[in-house]
Amino acid sequence: RMAICTTTVRKDLTVETQWPLCMRMFVHLDQLKPICEDIGFINVTIDLNDSELEFELEVDEDDSNDDEEENNSNKNNNNERKKIHVGGEEFRHLQDYNMNELCARVVVYGEKPKDL
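Keep in mind that this is a model prediction, so the values were computed, not measured.

Chemist: What am I meant to see in the pairing of strand 4 (residues 103-111) here?
Modeler: It is a general feature of regular strands that their side chains alternate between the two faces of the sheet. The pairing of strand 1 (residues 2-9) with strand 4 spans 8 bridges and is antiparallel. From the neighbouring strand, A3 faces strand 4, where its bridge partner is Y109. Bridging between strand 3 (residues 42-47) and strand 4 involves 4 bridges; their strand directions are antiparallel. Among the inter-strand pairings, D47 is bridged to a residue of strand 4, identified as V107.

This is the structure:
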């Protein structure tokens, strides 16, 4: 059996947009199952249950550190880190893209036939 966690693209990325190298290397979601089957895996499934790249995390304020200055710094950092490749000018143009529509985190499951 195999299980591989990876990030994929859901649709083709536009040529006109400057995408980060990592995104250009993501395999297309529709290609995963055929690739695995071509190399001999059977019963291949793609799990999309936890596929979102951008999501909100609930933070319990009571569990936070007592140091007010550090808390404020962490809150600012957390507010900024809700998008892919934030903080740099090089990819500022990506901030309005919905990464959950473009990409997906998946788990690929498959089995090798018993006769191998």
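What follows continues from the structure just given.
Chemist: Help me understand the state of the cysteines in this model?
Modeler: Structurally, a disulfide amounts to a covalent bond that connects the sulfur atoms of two cysteines. Inspection of every chain in the model, using the stated rule, returns 0 disulfides. Looking at the unpaired C22, the closest cysteine sulfur is the one in C103, lying at 8.1 Å.

Chemist: Mind showing me how you'd approach helix 2 (residues 29-38) here?
Modeler: In an α-helix, one full turn covers 3.6 residues, which means residues spaced three or four apart are oriented alike. Considered for burial, the residues of helix 2 that qualify are L29, L32 and C36. The buried side chains of helix 2 occupy one side of the element, clustering within an arc of 15° when seen end-on. Facing away from the buried side of helix 2 by over 90 degrees, the exposed positions are D30 and D38. Those residues of helix 2 hidden inside the fold are in contact with strand 1, strand 2 (27-28), strand 3 and strand 4. Positive backbone phi, approximately 110°, marks G40, located one or two places after helix 2.

Chemist: Just to check I follow, could you spell out the pattern of salt bridges for this structure?
Modeler: A pair can form between side chains of opposite charge whenever their charged atoms are brought close. If you walk through the whole model with that rule in mind, you get 1 salt bridge. One salt bridge in this structure joins D50 and R105, with 3.2 Å as the shortest N-O distance. On the criterion of sequence distance, the pair formed by D50 in the loop between strand 3 and helix 3 (68-80) and R105 in strand 4 is long-range, its members being 55 residues apart. Using a relative accessible area of 55% as the deciding quantity, one classes D50 as exposed.

Chemist: Hey, could you run me through the environment of R10 in this one?
Modeler: Note on placement: R10 falls in the loop between strand 1 and helix 1 (21-25). A relative accessible area of 31% places R10 in the partly exposed class. Put simply, R10 and A104 are 94 residues apart on the chain and 6.6 Å apart in space, counted from C-alpha to C-alpha. Residue contacts for R10: discarding those within four places in its chain leaves H28, L29, S51, N100, E101, L102, C103 and A104. At a separation of 3.1 Å, a polar atom in the side chain of R10 contacts the main-chain carbonyl oxygen of C103.

Chemist: Is there a simple way to explain the sheet that holds strand 3 in this structure?
Modeler: Strand order in the open sheet formed by 4 strands is 2-1-4-3, and the pairing between neighbours is mixed. Pairing within the sheet leaves two strands with one partner each, and these edge strands are strand 2 and strand 3.

Chemist: How do you make sense of the packing of aromatic side chains when you look at a structure like this?
Modeler: Any pair of aromatic rings gets described here by the distance separating the centres and the angle formed by the planes. Inspection of the entire model under this criterion finds 1 aromatic pair. Cation over ring: K112 sits above F41, and NZ or CZ is 4.9 Å from the ring centre.

About the cut-offs
Residue positions within a chain follow its written sequence, with the count starting from 1. Local features in this predicted model are restricted to residues of pLDDT 70 or higher, and side-chain atom pairs are both shown and tallied only at a pLDDT of 80 or more, whereas totals for entire chains, interfaces and linings draw on every residue. Heavy atoms throughout the structure, all of them, feed into the side-chain values; hydrogens and water do not. Should DSSP find at least two bridges between two strands, the strands are regarded as paired. Each helix corresponds to a stretch of at least 4 residues labelled H or I by DSSP, and each strand to a stretch of at least 2 residues labelled E; elements are numbered beginning at the N terminus. For this text, the term disulfide refers to a pair of cysteine sulfurs within 2.5 Å. In this scheme, a residue with accessible area under 20% of its type's maximum is buried, one over 50% is exposed, and one in between is partly exposed, where area comes from a 1.4 Å probe on protein chains only. The reported arc concerns the directions from the helix axis to the C-beta atoms and nothing else. Residue contacts are counted whenever heavy atoms from the two residues lie within 4.5 Å of one another. Here, a salt bridge means any Lys or Arg side-chain nitrogen found within 4 Å of an Asp or Glu carboxyl oxygen. Counted as a polar contact is a pair of N or O atoms within 3.5 Å, where, for protein atoms, one must be capable of donating a hydrogen and the other of accepting one, and residues adjacent in sequence contribute only when both atoms are in side chains. For this analysis, a ring pair means two rings from Phe, Tyr or Trp (six-membered ring only for Trp) whose centres lie within 6.5 Å, classed as stacked if their planes differ by under 30 degrees, edge-to-face if by over 60, and tilted for the remaining angles. Note on criteria: charge over ring means Lys NZ or Arg CZ within 6 Å of the ring centre, with the direction from the centre no more than 35 degrees off the ring normal.

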